[in-house]
Amino acid sequence: MSDDLWVLAAPFRAHVRRVLDQTGLPWPVIAGAGNLPPTLIRNLLFGRDGRHRTRLPATAARALLALDAERLLGQSRIWVPAEPAAVVITELLAAGCSPAALARYCRLSESELIGLLDAALCSRLTELLAQAARLQWHRSLQSVPGSPATTRPRRAAGVEVPAQASA
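It should be emphasised that the depicted structure is a prediction, and the values quoted were computed from it without experimental measurement. (Residues numbered from 1 in each chain as written. Predicted model: local features only at pLDDT ≥ 70, side-chain atom pairs only at ≥ 80, totals over all residues. Heavy atoms only, no water.)

Caption draft 1: How the structure looks around the overall build of the protein chain. Along the backbone of the protein chain there are 9 helices and 6 strands. Relative to its 167 residues, the protein chain shows a buried fraction of 46%. When contacts within the protein chain are restricted to residue pairs at least 6 apart in sequence, long-range pairs at least 24 apart make up 79% of them. When the accessible surface of the protein chain is summed, it comes to about 8,900 Å², and 53% of that surface belongs to carbon and sulfur atoms. (Helix = DSSP H or I, 4+ residues; strand = E, 2+ residues; numbered from the N terminus. Buried < 20%, exposed > 50% of the residue type's maximum accessible area, 1.4 Å probe, protein only. Contact = heavy atoms within 4.5 Å. Areas by Shrake-Rupley, 256 points an atom, 1.4 Å probe, with all protein chains shown as cover.)

So, in structure tokens, the structure goes:
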């Protein structure tokens, strides 16, 4: 953030915590929904080197104020191409993430998670949750031989994926 204006961080930390409490969403969803660097949100909430961030760029503060529980949960009613989420899910599954745990994290059933791999559309919230899972789980995202992580497989974990599935 190359903004010359800075504001006090404490009110925005409280705002983000309140939104997270109201929605039950993980903190990286805030970063994704606000188009903010994940490290900025992590440092805002948890500090760095034992110290909380005291200042925040004004542009980040404006982006955070635009996010509230209703707007975040409303992301479940916005449809986006499923490709980016499918790539992330494929990478995480190939890296050894449990399909059940990943489905729970993304607020999907296991069959919905597998269906997402071949879906045309998914909700923006599902996309944000998939990105958050990648960020939080810090998995080695190397593809399994014969199944590159950048492709959308028609079969995942031995299960045939329906062509019209969406999450």
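Now that the structure is up, let's keep going.
Caption draft 2: Main features of the nonpolar core. If you look at the biggest cluster of nonpolar residues, it comprises 44 residues, and the most contacted ones within it are Val 29, Ile 30, Ile 41, Leu 56, Leu 64 and Ile 89. Of all the secondary-structure elements, those providing two or more residues to this core are α1 (10-23), α2 (27-33), α3 (38-46), α4 (58-65), α6 (83-94), α7 (99-105), α8 (110-116) and α9 (124-137). Per-element tally for this core: the top contributor is α9, with 6 residues. Excluding its chain neighbours within four sequence positions, the residues that come into contact with Ile 30 are Val 16, Val 19, Leu 20, Ile 41, Leu 64, Leu 67 and Leu 72. (Core = buried A, V, L, I, M, F, W, Y, C linked by side-chain atoms within 4.5 Å.)

Caption draft 3: Representation of α6 in the model. Taking 1.5 Å of rise per residue, the 12 residues of α6 would be expected to cover 16 Å, and the 16 Å separating its terminal C-alpha atoms lies within 8% of that figure. For α6, the complete set of buried residues consists of Ala 85, Ala 86, Val 87, Val 88, Ile 89, Thr 90, Glu 91 and Leu 92. Contact partners of the buried residues in α6: α7, α8, β4 (121-123) and α9. Following α6 by one or two positions, Gly 96 has its phi on the positive side, about 105°. (Expected span 1.5 Å × (residues − 1).)

Caption draft 4: A look at the pattern of salt bridges. Summed over all chains, the structure comprises 2 salt bridges. Arg 134 is paired through a salt bridge with Glu 91; the nearest N and O atoms lie 2.3 Å apart. A residue pair is termed long-range when its members are at least 10 positions apart, and Arg 134 in helix α9 and Glu 91 in helix α6 qualify at 43 residues. We note a salt bridge from Arg 124 to Glu 127, for which the minimum N-O separation is 2.6 Å. Of this pair, Arg 124 and Glu 127 are both found in helix α9, 3 residues apart, which corresponds to roughly one turn of the helix. For Glu 127, a relative accessible area of 10% gives the class buried. (Salt bridge = Lys/Arg side-chain N within 4 Å of Asp/Glu carboxyl O.)

Caption draft 5: Up close: the packing of α6 against α9. For the pair α6 and α9, the least separation of the axes is 9 Å and the interaxial angle reads 30°. In this structure, α6 meets α9 at a crossing whose hand is left-handed. Between α6 and α9, the contacting residues are Pro 84, Ala 85, Val 88, Ile 89, Glu 91 and Leu 92 on the first element and Glu 127, Ala 130, Gln 131, Ala 133 and Arg 134 on the second. By residue class, the composition of the contact of α6 with α9 is 7 nonpolar, 1 polar and 3 charged. (Axes fitted to C-alpha atoms, helices over the stretch in contact; angles between N-to-C directions. Left-handed = near helix turned anticlockwise from the far one by under 90°. Nonpolar A, V, L, I, M, F, W, Y, C, P; charged D, E, K, R; others polar.)

Caption draft 6: How the structure looks around the state of the cysteines. Summed over all chains, the structure comprises 0 disulfides. Looking at the unpaired Cys 97, the closest cysteine sulfur is the one in Cys 106, lying at 9.6 Å. Residue class for Cys 106 comes out buried when judged on its relative accessible area of 2%. (Disulfide = S-S within 2.5 Å.)

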